[in-house]
Amino acid sequence: MNTKTVAVMAAASLLTAGAAGCGGTQGSSAASTSSGHVNITFMEAMSSGTLAPAMEHLTSEFNRTHKNITVTLEVQASYSTLEAKEQASIAAGNPPTIGQAYEDWAATYAKSGAIVPLASYVHGSNGVSSTYISSMYKGVWKDQFLPGGKLYMWPFNKSDFVMYYNANRLQQQHLAVPTTWTQFMSVTHSLTSSSHGTWGFSMDPGTSSSAANGTYLYVALLRAYGGNLMVNGRVAFASQAGVRAMNVLKTMYDNGSMKLGTNYPGQTALGAEHGAFDLSTIASYYYNNEAIAGKFTMGVAALPKGPAGEGNVLQGTNIVMFSKATSAERSAAWTFMKWLTEPQQTAYWAEHTGYLPVTTQANPLMATYFASHPYQKIAAESLQYALPAPAEPGWTEGIGTIATAIQEVLLQNKPVQQVLTQEQAAAQTYVNQGG
Amino acid sequence: MAPTTRQEDSGSPSPPTLKTPGRGARRVRRAFQVVVAAVLLVLFLFPFYWVVITSLNHTNQVLQFPPSFLPHWVFQNYARAWSEAPWLRYFLNTIFIALVTTLLVLVTSILAGFAFGSLRFPGKNLIFAGFLSIMMVPYVVLIIPDYIVLKDLHWLNTYWAQIFPFAGSVFGIFLLRQFFLSLPLELWEAAQIDGASRFRFLRQVALPSARPALVTIGIYTFLGTWNSFLWPFIMTSSPSVQPIEVGLSTFLGTNGTDWTGLSAAVVFTTLPVMVLFLLLQREFMAGASAATGGVKG
Amino acid sequence: MSQNPSAQFVRRRMREYFTAYLYLTPSGLVFLVFTLLPALFVLYISLFNWNFLNESLSRWVGLGNYRDLVTSGQFWHSLLITAYFLIGTVPVGVILALVIAMFLMDQVPGRALVRLAVFAPYVTPVVATSIIWLWIFNPEYGLLNALLHLLHLPELGWLQSPHWALIGIIIFTLWHSLGFSVIIFLAGLSGISTELREASRIDGATRLQELRHVVWPLLSPITLFVLVISTIGALQAFTQFYTMTAGGPLASTTTTSYLLYTLAFIFYNTGHAAALAVILFLIIGGLTLVQMGVSRRRTFYQ
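Residues numbered from 1 in each chain as written. Chains lettered and ligands numbered in written order. Predicted model: local features only at pLDDT ≥ 70, side-chain atom pairs only at ≥ 80, totals over all residues.

Novice: Would you mind showing me how to read the overall build of chain A here?
Specialist: The helix and strand tally for chain A stands at 19 helices and 16 strands. A globule of 435 residues ought to have a C-alpha radius of gyration of about 22 Å, and chain A, at 24 Å, matches this closely. Across its three principal axes, chain A shows a C-alpha extent of roughly 70 × 60 × 45 Å. Out of the 435 residues in chain A, the part that is buried amounts to 54%. (Helix = DSSP H or I, 4+ residues; strand = E, 2+ residues; numbered from the N terminus. Rg over C-alpha atoms; globule rule 2.2 N^0.38 Å. Buried ≥ 20, exposed ≤ 12 C-beta atoms within 10 Å, placed from the backbone.)

Rendered as structure tokens:
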């Protein structure tokens, strides 16, 4: 090492404290120029599979047709990174103009005044018509409000649960596609054989810090048996319906027709011809197909029904608008948000990603697509049963108690009613703390 | 406790004069050693073999039970995995961060080690104790406040957030101080008579003799930075500045069901470290006993 | 002190002082900005109901966060899990490492290769290697259950089972970090003069006796050092928990460090997380003090 290097490096290290602000990629603040041109930023996590190209196409299409506005995407690798990045940018006073958000994130942001209500845009002069609103799926429209009745979100990538199955296996065994949970339990049981290494399906129950498909599957079951996560602002899953829903899972786990795993185990088991079913969102269609790789025909059907009909869970995120944006940026951002949900764009998005259109107005445009992709129609029809998770600031922790309850019942053989009562109380505490 | 840990000879100690057992006993003993050595080799190397095999098989061959133990040379897994994440960027980020961190640690450690080892100044012992106490603060504890500090510096999601907090190493300073302390005083006096400056003395006389320590500090800082996960995972969010391990963890999240592709990614992200290790194994081993304080998670 | 306080001498002294402080500044600044001040800052945060999104909404709660922690089941449960993990990795690891090191001291065939193999996992990144083990542990398609199946033993749930998940992580951790302790022990063992061991063998001492009466006492400073180092490492372990189990199933692998991460960066419960960090600091700090005592004794050993 020569004198110069040492000197340079010493100088560099002396600059440690003084080098703030130079370099790096922090630069997500939106800027407007005086010419009336508005730059806005959209922070999102559509980074894998077919999502990234579809997102980029829509954005460049918007930029091409709206000369005064330029939308820049800030892509994050996953939802958890997205949340961390949004939180950090809000805390640093440097948020993007708009961002994808789950209901409970939005609730947390709203509590700190970090996002703005959207009613004045939705119902304003550049808003949407009442015909459009009534053409939106009921669950999707209800999903945009926070407790207190304020409209804070605008829908983006929505999906719900469907049932994937190995059609060849069912045919070989002369089994009909189950339409009720009782049928589902008997079909999965009859397909389970330890000597052949086959079972009904695998699911990920999630953990107390992150919910997974299995966690939401319980919520779907709860609704199918007539229960609700919250009733009148109180957590209420320890109801009779909750117990019956949990017993469905327990029966299937105990007789070996359901196995637990992590990292989309249902997809892996189905693809490897061990599991006959996968209960997952319609957005997994592409990935399930990849996993199966043409080995057999994959069937898609609506989730089985319970005594109270089909229960389903609305999945996917909405878009929120951050309060740091100037009024020019806000109205530009609204233009973009509205444009994304117009029939043509929501149809494009649905056809290229497997997410669902948010309005029935997209259906005529998607007729050909639905004809060749009947499963998308099934999922779209289920949207009427798909309810969102409670939009409570404490619900990120609250949903974790369900993952805990499932595992305590299945893995530790604890009594169902006792576990549900205990976890319901825990969830209530989180909701109270968050609110 | 006996202070007999000084190394007489770093080479392999050969005890040929040990009491020689009988021929038969020796043969049994030999066989036993071969078996134990083989078991150790399998235990420690098999997982590496296994990931290579998985990366060279079709998903079907991997998901069957029992799984296939031989490769089927399916190189598409590598092509697929490589195309699905910005690996080149991750590699370049990692190399840049590791190199700059290593350089900075070497420089700051040389300077401070020299000051503590060879210079006289008021408050020396107190400051040295203060530096040593830094070692007591585990990085797990610092994650939260440093996150807020870096946020306020607008350094979140930059290279700096991954470099500067690690630009000083108590271990490095400590190790170099020991070397400078052991330099004979006459050397410095002789240099002074020649009119050499302190800096020239540091560069021409002191540093060359500290070479083994510098190699140890350099290797382990580099390795520690390359292998670090929690810190960059928390402090960064975009692939443009993230290192390879965080990239691999993201890949596990987005492509976690593609086991063969994931295995391929594990292989090509681990290969550079393995090559470095094989090239510098002597230095790694020699440094291990000294590097105990300098490796971060 | 000098008997010639000439102006030149004073000037030289002052220049030496100045040089020294200048040389200390770079590392001093790093420690100040990223360690010392943040350490005080975390103590400060721990006294607030800290609003991460809007710091001006933070509320002073005094020792409230600490009270919440020590009265919550999850804190004590995480300490218990941490203790299990410590027991499974530290004493077990030290004994295994010592046995392997002693074995490698002999003229074993392929000695260099075995040493390389044992050390290799330590230099490879934890994310990559824990992904390998994730696959080995998979209950449906994994190698380990295939092996148990071949041996007609019952297959286990491994990382999916609340009973086995921590054991799985302990196995991984031993595999990954044993090599480091082995190398340190090898260095220590080669320092014990061969004459001593030789003498004990001529006296007819068995291997076990040799270990107990010759090697162990002479090696004890190093053993203590390895113990402390691996204890601190185990208390801070995070990556394998994140990659392999994410703290589950249930809370069976939620150590105190992992709990800290979830509180701070999943639930943004910054105040409670800071209080937990302070507690963790006290625990690790106590152990580091022991380490410093040990390392002072071993300074002559480079």
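From this point, the narrative continues.
Novice: How do you make sense of the sheet that holds strand 7 (residues 161-166) of chain A when you look at a structure like this?
Specialist: Hydrogen bonds between backbone atoms are what pair the strands of a sheet, whose relative direction is either parallel or antiparallel. Residue and element names in this part refer to chain A. Strand order in the open sheet made by the 3 strands is 12-7-13, with antiparallel pairing throughout. Because the sheet does not close on itself, it has two edges, and the strands there are strand 12 (277-281) and strand 13 (298-301). Recorded for the sheet is a direction-independent mean angle of 30° between the axes of neighbouring strands. Pairing geometry for strand 7 and strand 13, over 4 bridges, is antiparallel. Across the sheet, the residue bridging to N166 is M298, located in strand 13. (Pairing = 2+ DSSP bridges. Axes fitted to C-alpha atoms, helices over the stretch in contact; angles between N-to-C directions.)

Novice: Which parts of the structure should I look at to understand the domain arrangement of chain B?
Specialist: One frequently used descriptor of interface size is the decrease in accessible area upon assembly of the parts. Residue and element names in this part refer to chain B. Along its sequence, chain B is organised into domain 1 (29-74) and domain 2 (85-293). The gap between the C-alpha centroids of domain 1 and domain 2 is 34 Å. Between domain 1 and domain 2, the residue contacts involve 8 residues of the former and 6 residues of the latter. Elements with a contribution of two residues or more to the side of domain 1 that touches domain 2: helix 1 (23-55) and helix 2 (59-63). Top element by residues in the side of domain 1 that touches domain 2 is helix 1. It accounts for 4 residues. (Domains from an automatic or database assignment. Contact = placed C-beta atoms within 7 Å.)

Novice: Can you help me understand the pairing of strand 7 of chain A in this one?
Specialist: The two faces of the sheet receive side chains in turn, since in a regular strand these alternate between them. Residue and element names in this part refer to chain A. In terms of residue burial, strand 7 counts as a mostly covered element, since 6 of its 6 residues are buried. Side-chain alternation along strand 7 places F161, M163 and Y165 on one buried face and V162, Y164 and N166 on a second face that is also buried. Here strand 7 pairs with strand 12 via 5 bridges, running antiparallel. What sits directly across from Y164, in strand 12, is D278.

Novice: In this structure, what is going on with helix 13 (residues 285-292) of chain A? I would like to understand it.
Specialist: An α-helix turns once per 3.6 residues; consequently, residues spaced three or four apart project the same way. Residues and elements named next belong to chain A. Among all positions in helix 13, only Y285, Y287, N288 and A291 are buried. Taken end-on, helix 13 shows its buried residues confined to a sector of 165°, consistent with a single buried face. Where helix 13 is buried, its residues touch strand 7, helix 12 (265-271), strand 12, strand 13 and helix 17 (374-382). Trailing helix 13 by a residue or two, A293 shows a phi angle of about 50°, which is positive. (Arc of directions from axis to C-beta.)

Novice: How do you make sense of unusual backbone geometry when you look at a structure like this?
Specialist: Glycine aside, a negative phi is what most residues show, and trans is what most peptide bonds show. With an omega dihedral of -10°, the bond running from G248(C) to P249(C) counts as a cis peptide bond. Phi angles above zero are rare outside glycine, and H174(A) is one such case at about 55°. Among the secondary structure elements, H174(A) is positioned in the loop between helix 8 (167-172) and helix 9 (181-190). Classification of H174(A) as exposed rests on a count of 6 C-beta atoms within 10 Å. If you check the backbone angles, A246(C) has positive phi at about 50° while not being a glycine.

Novice: Explain the confidence of the model for chain B here, please?
Specialist: A low pLDDT score tells you not to read the predicted coordinates there in detail. All names here are of chain B. Taken over all residues, the pLDDT of chain B has a mean of 83, while the share at 70 or more is 87%. Helix 9 (residues 185-193) is the least confidently modelled element of chain B, averaging 71 in pLDDT, while helix 7 (residues 160-163) averages 96, the highest of any element. A low-confidence stretch, residues 1-18 stays under pLDDT 50, and its non-local contacts, those more than four residues away or across chains, total 30 contacts. Contacts from residues 291-297, a stretch scored under 50 in pLDDT, to residues over four places away or in other chains number 26 contacts. We note a pTM of 0.85 for the whole complex and an ipTM of 0.87 for its interfaces. (pLDDT = per-residue confidence, 0-100.)

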